[in-house]
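Okay, here's what each chain looks like letter by letter:
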Amino acid sequence: MIEIDGSEGEGGGQVLRTALALSIVTGRAFRAYNIRARRKNPGLQRQHLAAVRAAREVCGGGVKGDWPGSRELVFGPGPAQPGRYAFDIGSAGSATLVLQTVLYPLWQAGGASEVEIAGGTHNPMAPPFDFIAESFLPWLERAGARVVAGLERPGFYPAGGGRVRAEIRTQAPAGEARAEKLAGVELHARVMLARLPDSVAERELRVLQNALGLRPEHGRIERHEAASPGNVVMVLIRHAHGVELVSVLGEKGRPAEDVAAQAARQARAFLDAGAPVGEYLADQLLLPLALGAGGSFVTGALSGHTRTNMATIALFLGDCIAVEPLAGGRNRVVVRPRG
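Residues numbered from 1 in each chain as written. Predicted model: local features only at pLDDT ≥ 70, side-chain atom pairs only at ≥ 80, totals over all residues. Heavy atoms only, no water.

Undergrad: Sorry if this is basic, but what is going on with the sheet that holds strand E14 (residues 295–299) here?
TA: The strand order across the open sheet built from four strands is E9-E14-E16-E15, with neighbouring strands paired in mixed fashion. Two strands bound the open sheet, and with one partner strand each, they are strand E9 (177–179) and strand E15 (321–325). Taken over all neighbouring pairs, the strand axes of this sheet differ in orientation by 20° on average, direction set aside. Relative to strand E16 (residues 331–335), E14 runs antiparallel, the two being bridged by five bridges. Its bridge partner being in E16, Ser296 is matched across the sheet by Val334. (Pairing = 2+ DSSP bridges. Helix = DSSP H or I, 4+ residues; strand = E, 2+ residues; numbered from the N terminus. Axes fitted to C-alpha atoms, helices over the stretch in contact; angles between N-to-C directions.)

Now the structure itself:
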């Protein structure tokens, strides 16, 4: 049984989600202790429990310690079973993080699956649905997983109530996936709005157009129905190797101009760094490349999340990830396929 200290490294829920996915894929049981020990509310919260129970359902495995606040969990996997699954987080917890927990085992299960998840779709500290759809899934397809995902209804904090659907199929990988240079850049702005005046989105879009020099046809406003008000400002940076998506959530009492200005600064910082893979995508690419045909990419400084994910992957798959420092604070990350 693999032993995992959940307080090591970044020390959040990502350790648990990666361990659950790889436990099912490799058939290796694990015990995690000190789960989220350094967090404000340590132990398993509702969102983490939703991921644990979703993982158990797709593989019929055994679990000990799956209760609110638990700081220790033992998970014994069974083989993932393709099929139709529905999970309800029961809060505004991230639906995309639960999806990523079960996505890898179902990809490797040898048959088609459909997954529906109810919860939050645009949350602080979690990848929004648009990031998954625009930035992450195209890389996953290159690695050998055909995933078609749709946002049926957005879910914002605190009400949640969002709904995401995904169809997961296995296909032949396109070979090693690579992204070495940032080239062929084109910027697009997208503002999502629910139960708020149109003027909020119009002001945000105007700031983005002025700050980033966008043409009018490269910006759009999306109006949605949702259980609670919500606002997301996004900049899509399309380039030769994929899409980087910057997103900033609007907050009650915060001027629309400040939200858009923050998104513009983050987009400019990505462009100035000159690396084709951003901080958050770098973290997300490690598992699909290791489970697919491997590959490499250039990114900036490695975050605590990325280094923690590398360490967790190594516990199950061995030393399959190498980092080569480059000039200007950038890094080349090389991932060898498992086996």
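Next comes the rest of the account.
Undergrad: So what exactly am I meant to see when it comes to helix H5 (residues 198–212) here?
TA: Because the α-helix completes a turn every 3.6 residues, residues three or four places apart line up on one side. Over its 15 residues, H5 extends 21 Å from the first C-alpha to the last, a length consistent with the 21 Å expected when each residue adds 1.5 Å. Looking at H5, one finds that the buried residues are Val200, Ala201, Glu204, Leu205, Val207, Leu208 and Leu212. Summarising the axial view, the buried residues of H5 lie within an arc of 160°, below the 170-degree limit, and thus occupy one face. Those residues of H5 hidden inside the fold are in contact with strand E10 (186–194), strand E11 (219–224), strand E12 (230–239) and helix H6 (256–273). Just downstream of H5, Gly213 is the residue with a positive phi angle, here 65°. (Expected span 1.5 Å × (residues − 1). Buried < 20%, exposed > 50% of the residue type's maximum accessible area, 1.4 Å probe, protein only. Arc of directions from axis to C-beta. Contact = heavy atoms within 4.5 Å.)

Undergrad: Help me understand the pairing of E12, please; the structure alone is not making it clear to me.
TA: Each regular strand displays side chains that alternate between the two surfaces of the sheet. In terms of residue burial, E12 counts as a mostly covered element, since nine of its 10 residues are buried. When E10 meets E12, the two strands line up antiparallel, connected through nine bridges. In the strand pairing of E12, Ala189 is matched with Val235. For E12 and strand E13 (residues 242–249), the ladder comprises eight bridges, and the chain directions are antiparallel. Bridging from a neighbouring strand, Arg238 pairs with Val243 of E13. Linking E12 to E13, which pair antiparallel, is a turn of two residues.

Undergrad: I would appreciate a short explanation of the environment of Ala179 in the present structure.
TA: Looking at the element boundaries, Ala179 is found in strand E9. Apart from the residues within four sequence positions on either side, Ala179 is in contact with Trp139, His241, Pro276, Val277, Ser296, Phe297 and Val298.

Undergrad: What is the right way to look at the packing of helix H1 (residues 13–26) against helix H8 (residues 304–317) in this model?
TA: When two helices pack together, their arrangement is given by the angle between their axes and by how far apart the axes lie. With their axes 10 Å apart at the nearest point, H1 and H8 run at an angle of 25° to one another. In terms of axis orientation, H1 runs roughly parallel to H8. Regarding H1 and H8, the two cross each other, and that crossing is right-handed. On the side of H1, the interface is formed by Gln14, Val15, Thr18, Ala19, Leu22, Ser23 and Thr26, while H8 contributes His305, Thr308, Asn309, Thr312, Ile313, Phe316 and Leu317. Split by residue class, the contact of H1 with H8 holds six nonpolar, eight polar and no charged. (Parallel < 35°, antiparallel > 145°, perpendicular 65-115°, else oblique. Left-handed = near helix turned anticlockwise from the far one by under 90°. Nonpolar A, V, L, I, M, F, W, Y, C, P; charged D, E, K, R; others polar.)

Undergrad: Sorry if this is basic, but what is going on with the pattern of salt bridges here?
TA: Any two side chains of opposite charge can pair, on the condition that their charged atoms come close. Using the criterion set out here, one finds 22 salt bridges in the structure. Notably, a salt bridge pairs Arg190 with Asp130, separated by 3.4 Å at the nearest N-O pair. In this pair, Arg190 sits in strand E10 while Asp130 sits in helix H4 (residues 129–143), placing the two residues 60 residues apart along the sequence. Assessed through its relative accessible area of 7%, Arg190 is described here as buried. Its salt-bridge partner being Arg215, residue Glu217 comes within 2.8 Å of it at the nearest N-O pair. What you see here is one network of salt bridges that share partners, running through Asp130, Glu134, Arg190, Arg220, Glu222 and Arg238. (Salt bridge = Lys/Arg side-chain N within 4 Å of Asp/Glu carboxyl O.)

Undergrad: For this particular structure, what's the right way to read the sheet that holds E10?
TA: By way of backbone hydrogen bonds, the strands of a sheet pair with one another, either parallel or antiparallel. Pairing is mixed in the open sheet, where four strands are placed in the order E11-E10-E12-E13. Both outer strands of the open sheet, E11 and E13, are each paired with one neighbouring strand and no more. Looking at each pair of strands side by side, their axes are set apart by 20° on average, direction ignored. Along the sheet face, H4 touches E10, E12 and E13 and points at about 165° away from the line of E13.

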